[in-house]
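Coordinates in review
Chain residues, written in single-letter form:
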Amino acid sequence: MTSAASPHLTGGLDTLVISGRVDADRAELTPRGELVQGCADILARTLAELPATITRVDLDMGGVHFMDTAGLRFLDVLGDYGRERATTTVTTTNWNGQPRRILELAGLDTTDPLRPAAHDPVPAASSAVALERAERLHLLQSEVEQLRQAIASRPVIDQARGILMATHGCSSDQAWHILRETSQLSNTKLRDVAAAVTASAESDGPPPPPELRTALNKALARRHHG
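Let me begin by describing the structure that accompanies this report. (Residues numbered from 1 in each chain as written. Predicted model: local features only at pLDDT ≥ 70, side-chain atom pairs only at ≥ 80, totals over all residues. Heavy atoms only, no water.)

With respect to the helices, strands and loops of the structure, Thr91 is situated in strand E6 (residues 89-93). Exposure remark for Thr91: the relative accessible area of 13% places this residue in the buried category. Filtering out sequence-adjacent residues up to four positions away, Thr91 remains in contact with Arg56, Val57, Asp58, Leu59, Asp112 and Leu114. (Helix = DSSP H or I, 4+ residues; strand = E, 2+ residues; numbered from the N terminus. Buried < 20%, exposed > 50% of the residue type's maximum accessible area, 1.4 Å probe, protein only. Contact = heavy atoms within 4.5 Å.)

In terms of nonpolar packing, the biggest core is built from 28 residues, with Leu35, Leu43, Leu47, Val57, Leu59, Phe74 and Leu78 touching the most fellow members. Elements with a minimum of two residues in this core: strand E3 (26-35), helix H1 (39-48), strand E4 (56-60), strand E5 (63-67), helix H2 (70-84) and helix H3 (97-105). For this core, the element with the most residues is H2, which contributes 6 residues. Here Leu78 is in contact with Leu43, Leu47, Leu59, Val90, Thr92 and Leu114, once residues within four sequence places are set aside. With 17 residues, the next largest nonpolar core counts Ala160, Cys170, Ala175 and Leu179 among its residues. (Core = buried A, V, L, I, M, F, W, Y, C linked by side-chain atoms within 4.5 Å.)

Another aspect to go through is unusual backbone geometry. You will see that Asn94, though not glycine, has its phi angle at about 70°, which is positive. With respect to the helices, strands and loops of the structure, Asn94 is situated in the loop between E6 and H3. For Asn94, a relative accessible area of 41% puts it in the partly exposed group. Positive phi outside glycine occurs at Asn187, with the angle close to 55°. By the secondary structure assignment, Asn187 is in the loop between helix H5 (172-186) and helix H6 (190-201).

When charged atoms on two side chains of opposite charge get close, those side chains can pair. Applying the stated criterion across every chain yields a total of 8 salt bridges. As a salt-bridge pair, Glu28 and Arg21 come within 3.4 Å of each other at their nearest N and O atoms. On the basis of relative accessible area, Arg21 is assigned to the partly exposed category, the value being 46%. Close ionic contact of Arg56 with Asp58 constitutes a salt bridge, the shortest N to O distance being 2.9 Å. The class for Arg56 is partly exposed, based on a relative accessible area of 35%. Linked through salt bridges whose partners overlap, the residues forming this network are Arg21, Arg26, Glu28, Arg56 and Asp58. (Salt bridge = Lys/Arg side-chain N within 4 Å of Asp/Glu carboxyl O.)

This is the structure we're talking about:
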C-alpha cells in the first residue's frame, strides 16, 4: 500500500509518500518526505484503506525531513483515528532533525507526540496555557519560515560560492566565510550579497553597490592574510 501527495511548493523538497504493510492485526506505516499542506488528507486516505481488524498502527517517521504547521494536523488525524477506535493503539516514533525541533517548539513529546501529556491544565490556568501555546506556535511558524527562506536562497548562495572559488582560488568553506563576513560588514542579507556577486559575474552584469564592494574587498583581504 502506498499513498502519495500532490506536488506543492516547498523549495524543491520531496513530496510526502506513505508506504506500509499489514501483518495480522498490526499496520506499519513509513511516511517519507514532508509534512506540509495536504499531508493530513494523504494520511486520512491511507488510514481509511486499513482493514477494520487492525488493533495497532505504528508510524516510523525517520523518513520525514521537513515539517511545518500542517504536520500538527497530520498528528490530529492520527489521534482522531485512535480515539474513534478505542481498541486501536497508534504510535509515531523515530522523529529526527527539523521535524523533531518543530515538535519541541510545539511542546510535544519528541519520542511519541501522540502520547498524552503528563499533566492536564486546570481550568484556572487555561488562559495561561493558551497563551503559552500561542507563543510556541509563533516560534514554530517563524522557524519554518526561516528554513523556507534558507532553502530558497541556497541556489544563489551556492552560485556565489562557486564564483568566488573560481575567481579568487579559495575553497568552498573560505568562500562561505567571505560571503558571511561581507554580509556582516555591509549589514546586508546573505542572500542579497550572493545575488550581487552572481549578477556581477555575468557579462555586462552590474557591479555590486559601493558599500557591498568595499565590504567584499575587506573580507577577501582578511582571508588572504588569515
